[in-house]
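# Structure at a glance
What follows is the residue order along each chain.
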Amino acid sequence: MAKRSSLFIRIVEGKNLPAKDITGSSDPYCIVKIDNEAIIRTATVWKTLFPFWGEEYEVHLPPTFHCVSFYVMDEDALSRDDVIGKVSLTHSLLAEHPKGYCGWLNLTEIDPDEEVQGELHLRIEIVGSDAAKKLRCRVFDARDLARKDRNGASDPFVRVRYNGKTQETSVIKKSCYPRWNETFEFDLDESAPEKLCVVEVWDWDLVSRNDFLGKVVFNVQRLLAVQREEGWFLLQPDKSKPQQDEGNLGALHLQVRLRDEMVLPSSHYQPLAQLLCEEVKAAAQDRKVHLITLIDETTTAECRQEIAINLVKLFLGQGLAKELLDLLIKLELDKTDEPNTLFRGNSLASKSMESFLKVAGMQYLHAVLGPAVNRVFEEKRYIELDPSKVESKDVGCSSLHRTQSESDVIQQSVHLLRSYLTDLLAAVAKSVKFCPAVIRATFRQLFKRVGERFPEEKDQTVQNVGNMDPGISCTKESWMAPLQPTIQQGIAQMKQFILQLIDIEEKEELDLQKALSQSQVVKEGPLFIHKAKTKGPLMSSSFKKLYFALTSEALSYAKTPNSKKSSFITLANIRAAEKVEEKSFGSSNVMQIIYADEDGQAATAYLQCKCVNELNQWLSALRKVCVNNTGMLCSYHPGIFRGEKWSCCLQKDKSGLGCDKTRHGVTLREWNDPLDPDLEAHLIFRHLLGVREAMKEKYLELLTQEKGENLPLNQSDDLENADGPTRLFRVLQDLEEVHNKELSRLRDLASQERNCLVELQT
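As the structure is a computational prediction, the values presented were derived from the model and not from experiment.

Analysis parameters
- Residues numbered from 1 in each chain as written.
- Predicted model: local features only at pLDDT ≥ 70, side-chain atom pairs only at ≥ 80, totals over all residues.
- Heavy atoms only, no water.
- Helix = DSSP H or I, 4+ residues; strand = E, 2+ residues; numbered from the N terminus.
- Expected span 1.5 Å × (residues − 1).
- Contact = heavy atoms within 4.5 Å.
- Patch = residues over 30% accessible without salt bridge, like charges linked within 9 Å, V, L, I, M, F, W, Y side chains within 5 Å.
- Areas by Shrake-Rupley, 256 points an atom, 1.4 Å probe, with all protein chains shown as cover.
- Salt bridge = Lys/Arg side-chain N within 4 Å of Asp/Glu carboxyl O.
- Pairing = 2+ DSSP bridges.
- Axes fitted to C-alpha atoms, helices over the stretch in contact; angles between N-to-C directions.
- Core = buried A, V, L, I, M, F, W, Y, C linked by side-chain atoms within 4.5 Å.
- Buried < 20%, exposed > 50% of the residue type's maximum accessible area, 1.4 Å probe, protein only.
- Phe/Tyr/Trp six-rings, centres within 6.5 Å; stacked < 30°, edge-to-face > 60°.
- Lys NZ or Arg CZ within 6 Å of the ring centre and 35° of its normal.
- Lys, Arg positive; Asp, Glu negative; His and termini not counted.
- Charge placed at Lys NZ, Arg CZ, Asp CG, Glu CD.
- Bend = angle between axes of the 7 residues up to and from the residue.

### Overview of helix α8 (residues 406-429)
With 24 residues, α8 should cover 34 Å at 1.5 Å per step; its first-to-last C-alpha distance of 34 Å lies within 8% of that length. Tucked into the core, α8 has its buried residues touching α7 (348-379) and α11 (484-501).

Quick look at the structure:
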């Protein structure tokens, strides 16, 4: 039984932020850190104290994480970005709000003594005879300490305090992964008023005062009961200072929801998945009460999107997504009287179609529209058609050293918009053969079903292509009129595109599906590469720009997107994908791929990304495609081997164990994630369990309408001849019993471990 955690994050907006620029404004963005590791960076909203982001993320991570923090920053072009404030939410706080934490939270000031991170490896024990007991503390090493110096590292040492006495380790220069292996002993005084042993980590500074890096506190009285404890202990902040007044730094509107899942082995979910598939396959049969109808009518609007995603992913994995959507379309059409309202409601059919297009078509969408969209961002041209919004300060033409007139700006904007729109429409029109076969086949079935239900409307293509037909489209803003010829031309292109899209036969569908699956690209884009050297310094200038493509088989590269690709690393040989310390190359956003080369020897490739989001997206993609690899590493070196030692921990053994733990389980959710049938089946089970009683009531209601009399729920053991809903209730009951039994066992184990730690650590 695997425990998995997911963190849904929506960064909505900020308000009343302080002005950090001389203009009386700020350029705010957010950094999201999980246990002090940057995972997400939002877009910068320029020149405002009331920024709106509206960005959503979902992070998959180990259930052992402690805290998620949101830092609001002010971007500066010429100097280091300013920190405006932060908001932190602990794991325990999120666990207390199973439906999620939502609302405004005041930003707090950054206190250096609270900005701690990392873990300390200790062994603390009671030794000696009853007459001369001693408290012995062995300080082994630390990992991922906060970086306090300008060189991107710290100079850490450990201070151990007990009963008024203090002892210190040596100082390890320029390392956030120091190793000491030093032992300290104190005479144990059981009558002493102070019952705590405090182990602190500090950053040594020659000129200024030492910086606090965190502490671990032990209760000596409880230690007497267990005699000895060893392990990695999370460093805690110094909270002895009074809390600063809140509210003067503004506030952040957040939605955060933690979801912990206990996923059983596949065999336990097989009956549920099999039952759902049988119901969809038998859709043509005349059913009194269809199971899918029951799920649709008992699912609340707020849960419909989530269950739609789970159903779509489960049926995609079973190769039955087209059949599921066909059934949902048919059920939707049966209760629709007006074609113009089709798929306009918040129904399971509309949400499933939306989810299906995102899961199955997101890569296709990016490939088709990506170049045209990138052109818009790369050119960064000022565009405005509304005369009331044209601002003179935004229309300066630096190349001609003159200010454009309002008419010049509008004329240039029309030209650019026509060009962008033409590129987009042309890219879509030529993309039919690249569209996933399952999407084309589903649209073909949709077109057929709508034609059967509304034959008089069968020649109307998909609600008149977004209500943009000449007879329907009326220009609401007169200044948009110059674009109408291009739009009308595009409507004709889109109608032709849709007709070509649905013109696919079953044999062609199978052939296309096979061809597309063989060349499935998980992620691609430009990166800068540097392979590890055994001699000489590694400089950032030695990174070379190449175009990389990650498939389900290998990571390959080429000089340009259209060049022939060379296989670089076979995925089965990858052992870890992790971040690299910034000080290693003097550059940020560098990752390392540790793999076995052709001779089976350990090798490392270093790749630099353009920003923290791209870095985390590549790491996430690599970790997900390697999830079933054997021989994955548990530890790694976040630095580089240079000058006969590792830059991170200063150890000289190149092939020794790493000084930091790997983070295989930290990934970002993407629409093109590999399908996980066990997780999807579990999420469907959890949802159905929550609406089970409502489903039973609805089932009896529908049966009563069918028979014209009140009927009891079928409790018979003869499930072979039972209908879908009756079989579902029994499957849910059996699965619930197994799940509760396993959950109880794991809770008992976790409780025992937690009690041991609480007994020792205050």
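### Let's talk about a nonpolar patch on the surface
On the surface, a cluster of nonpolar side chains totalling about 270 Å² of accessible area is made up of V373, V376 and F377. With respect to the helices and strands, V373 occurs in helix α7.

### Here we look at the sheet that holds strand β5 (residues 67-74)
Pairing in this open sheet of four strands is antiparallel, and the strands run β3-β2-β5-β6 from one edge to the other. The open sheet has two free edges, formed respectively by β3 (37-41) and β6 (82-90), since each of these has just one partner strand. Adjacent strand axes in the sheet meet at a mean angle of 25 degrees when their direction is disregarded. Bridging between strand β2 (residues 28-34) and β3 involves four bridges; their strand directions are antiparallel. If you follow I31 over to β3, its bridge partner there is R41.

### Comments concerning the nonpolar core
In terms of nonpolar packing, the biggest core is built from 40 residues, with L272, L276 and M695 touching the most fellow members. If you list the elements that add at least two residues to this core, you get α3 (266-281), α4 (291-298), α5 (301-317), α6 (321-334), α7, α15 (677-690), α16 (692-707) and α17 (724-760). Here the element with the most residues in this core is α3; it accounts for seven residues. In this structure M695 touches L291, L294, I295, T298, L688, L728 and F729, once residues within four positions along its chain are discounted. The next biggest cluster of nonpolar side chains, apart from the first, holds 37 residues, and it includes V139, Y162, L224 and C649.

### Quick word on unusual backbone geometry
Even without being glycine, D144 reaches a positive phi, approximately 55 degrees. Turning to its location among the elements, D144 is positioned in the loop between β9 (134-143) and β10 (156-162). By relative accessible area, which is 15% here, D144 ends up buried.

### Describing the packing of aromatic side chains
According to the stated counting rule, one finds 11 aromatic pairs in the structure shown. Centroid distance F585 to Y606: 5.2 Å. Interplanar angle 65 degrees. Geometry classified as edge-to-face. Taken together, the positions of F585 in helix α13 (residues 582-585) and Y606 in strand β25 (residues 602-608) put the pair 21 residues apart, joining distant regions of the chain. Exposure class is identical for F585 and Y606. Each is buried. Geometry around Y29 places R41 over its ring, the cationic atom sitting 3.7 Å from the centre. Over the ring of W232 we find R143; its NZ or CZ atom is 3.9 Å from the centre of that ring.

### With respect to the pattern of salt bridges
For the coordinates displayed, the defined rule picks out 46 salt bridges. With a closest N to O distance of 2.9 Å, E58 and R669 form a salt bridge. Taken together, the positions of E58 in strand β4 (residues 52-61) and R669 in the loop between β30 (667-668) and α15 put the pair 611 residues apart, joining distant regions of the chain. On the accessibility criterion, E58 (13% relative accessible area) is buried.

### Some remarks on the sheet that holds strand β8 (residues 119-127)
An order of β12-β9-β8-β15 is seen for the four strands of this open sheet, with the pairing classed as antiparallel. A single partner strand is all that each edge strand has here, and the edge strands are β12 (179-187) and β15 (228-234). Strand-to-strand twist in this sheet, taken as the mean axis angle between neighbours without regard to direction, amounts to 15 degrees.

### A closer look at a positive patch on the surface
Residues K173, K174, K645 and K652 make up a contiguous surface patch of positive charge. Judged by relative accessible area, K173 falls into the partly exposed class, the value being 46%.

### Regarding α7
Each turn of an α-helix holds 3.6 residues, which means side chains three or four residues apart point in the same direction. A rise of 1.5 Å per residue sets the reference length of α7, with its 32 residues, at 46 Å; its end C-alpha atoms lie only 41 Å apart and thus fall more than 12% short of the reference. The sharpest bend along α7 measures roughly 65 degrees and falls at G361. Phi turns positive one or two residues past the end of α7, at K380, with a value near 50 degrees.

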